[in-house]
Amino acid sequence: MIPTTFKDSTTRDSPRPKRDNSKSNAINAKKSTSQTLSHLQSLLHRRTRLQIEDPGEIMDGYDYESLLRNSRIETLRECAEEALEEIQSSRGELEILEMALMMESRGGGM
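About the criteria used
Residues numbered from 1 in each chain as written. Predicted model: local features only at pLDDT ≥ 70, side-chain atom pairs only at ≥ 80, totals over all residues. Heavy atoms only, no water. Helix = DSSP H or I, 4+ residues; strand = E, 2+ residues; numbered from the N terminus. Buried < 20%, exposed > 50% of the residue type's maximum accessible area, 1.4 Å probe, protein only. Contact = heavy atoms within 4.5 Å. Areas by Shrake-Rupley, 256 points an atom, 1.4 Å probe, with all protein chains shown as cover. Expected span 1.5 Å × (residues − 1). Salt bridge = Lys/Arg side-chain N within 4 Å of Asp/Glu carboxyl O.

### Focus: the overall build of the chain
Per the secondary structure count, the chain includes 3 helices and 0 strands. Each helix (α) and strand (β) of the chain, taken in turn from the N terminus, gives the series α-α-α. Taken across its 110 residues, the chain has 15% of its residues classed as buried. Across the chain, the fraction of contacts at a sequence separation of at least 24, relative to all contacts at a separation of at least 6, is 54%. For the chain, the accessible surface area stands at approximately 9200 Å², while carbon and sulfur atoms represent 56% of it.

### With respect to helix α2 (residues 22–49)
Under the 1.5 Å per step criterion, the end-to-end length of α2 is 40 Å for 28 residues, consistent within 8% with the ideal 40 Å. Turning to α2, its buried residues are Thr33, Leu37, Leu40, Leu43, Leu44 and Arg47. At the exit of α2 stands Gln51, carrying a positive phi of roughly 55°.

### Details of the pattern of salt bridges
Applying the stated criterion across every chain, the model contains 3 salt bridges. We note a salt bridge from Glu85 to Lys30, for which the minimum N-O separation is 3.3 Å. You can see Glu85 sitting in helix α3 (residues 64–109) and its partner Lys30 sitting in helix α2, a full 55 residues away along the chain. For Arg77, the salt bridge is made with Glu74, and the minimal N-O distance between the two is 2.5 Å. Note that Arg77 and Glu74 are positioned in helix α3 at a spacing of 3 residues, about one turn of the helix.

### Quick word on unusual backbone geometry
A positive phi angle is found at Gln51, which is not glycine, with a value near 55°. Mapped onto the elements of the fold, Gln51 is located in the loop between α2 and α3. Accessibility expressed as a relative area gives 63% for Gln51, which makes it exposed. You will see that Asp60, though not glycine, has its phi angle at about 55°, which is positive. The exposure class of Asp60 is partly exposed, given its relative accessible area of 43%.

Shown next, in the form of C-alpha cells:
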C-alpha cells in the first residue's frame, strides 16, 4: 500500500522506507549541481570579460542564451535539492516530536 498522506507514511505500523544510500546520493547530486552551476557561471563571466557582444556567438559549446538558460536551470535544480533536504529534515524532526509527545503522555498518565 502506498501512503496517500504524509501522516500515513510516518505511522508506527508502516514500514520505514529503505535509505539505500539516499543521503550519499543526495550529497553527490548536490555537489554535482554546485560544480555544474559554478562552471556555467564562470563561462558567463568569461563572455563578459572578453566582451563578446554577439549573443549568437558560440563559445565553449554555448551561445549566450543557452548558457544563461542552463545556468538558470541548474540554479533551480540546486534550490529543489535544498528544498527536498529541508523536507527530509522536517520529517525527522516530526518523528522526534511525536516520540516526545508519546513519552510525555505516558509520563503524565502515571
